[in-house]
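# A structural walkthrough
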Amino acid sequence: MSSNLWLNLTDEELAAQVQRGDLTAFTGLVERYKDRLYNLGYRMLRNPSDAEEIAQEAFLHVFRAIQSFQTDQRFSAWCYRIASNLCIDRLRRRPDTRVSLDEPVTSSDLYFQLADTNPLPDAQVEAGELREEIQRAIGALPPKYRLVVVFRHVDDLSYEEIAQITELPMGTVKTRLFRAREILRRSLEHITR
Amino acid sequence: MRCNQIHRLRQAYLDDALSPDEERQLERHLRGCVFCRKRLVDMARVINRISDAKPVAPSADFTRRLLEKLGRDEATGRDNHLAELLREITRREP
């Protein structure tokens, strides 16, 4: 199948083609999703080579599990779910994950994590440094909070879409998002002043 | 309504997720509360900064390397298809 034909097919139709053994349709899905999965990996893991690796791993999982994909579901949610689970697993195994994923996190814990990030005085905060500082603050969030912030504000997904991907009740998605933003607001207070 | 009760409305407002009724409640509160107005503005700034994050791109040979890995994984059965596919993709990429 030439790549031009992919343009007319939905993700789910492409996935159905892959299920029927059309391997070129798989490259269509890869082309559509590689940037999104790479960006997710990058925002979650904060490192280009880890992001590349996790995105590759996610596509390998997608390929191997494609027969279990139900084509009446949304491919994007399924694919994001695989990638985000891999990111969370990777963070869980990282020795520098200081906060248990299952423990409730108090803002004072995060305050300590952020306290050594050496915030710069306002006048010296250049655009690049500011960006880095925001990424650092996001990176200091517990992974499950970080994930909802990235989905909501980097991928611009709705509560409902995030709930579908994470398989969490919408109320939980909102609670995590609201808490995460409150933590970010506090840790970035010096840049919003 | 007190500030701590308005917290969820303030947050949901930032996602454009309030009903008209809730929006009116929030606006009524904000008119008389400097504290909540400032919280809302600060939070909106943080969100804007996050959304401004520049997209990053994977390496140019991402797809080719992925298909190579797949080819190695599927050493039996479908490897002829994969080898063929791989040749096609490699030809397409600069």
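What comes next is a walk through the structure. This one's a predicted model, so the numbers in the text were calculated from it and none came from an experiment.

### So, the overall build of chain A
Check the secondary structure of chain A and you find 11 helices and zero strands. Reading the helices (α) and strands (β) of chain A from amino to carboxyl end gives α-α-α-α-α-α-α-α-α-α-α. A buried classification covers 39% of the 193 residues belonging to chain A. In chain A, the share of contacts with a sequence separation of at least 24, taken over all contacts with a separation of at least 6, comes to 61%.

### Some points on helix 9 (residues 159-166) of chain A
Residue and element names in this part refer to chain A. When we look at burial in helix 9, the residues that qualify are Ile162, Gln164, Ile165 and Thr166. Where the residues of helix 9 are buried, they touch helix 5 (75-93), helix 8 (143-154) and helix 10 (170-187). Trailing helix 9 by a residue or two, Glu167 shows a phi angle of about 55 degrees, which is positive.

### Overview of the interface of chain B and chain A
Counting residues at the interface gives 27 residues for chain B and 29 residues for chain A. Sorting the residues of the side of chain B that touches chain A by element identifies helix 1 (3-14), helix 3 (34-51), helix 4 (62-73) and helix 5 (79-92) of chain B as the ones contributing at least two each. Counting residues per element, the side of chain B that touches chain A draws most heavily on helix 3 of chain B, at eight residues. In terms of residue class, the side of chain B that touches chain A is built from 16 nonpolar, five polar and six charged.

Cut-offs applied
Residues numbered from 1 in each chain as written. Chains lettered and ligands numbered in written order. Predicted model: local features only at pLDDT ≥ 70, side-chain atom pairs only at ≥ 80, totals over all residues. Helix = DSSP H or I, 4+ residues; strand = E, 2+ residues; numbered from the N terminus. Buried ≥ 20, exposed ≤ 12 C-beta atoms within 10 Å, placed from the backbone. Contact = placed C-beta atoms within 7 Å. Nonpolar A, V, L, I, M, F, W, Y, C, P; charged D, E, K, R; others polar.

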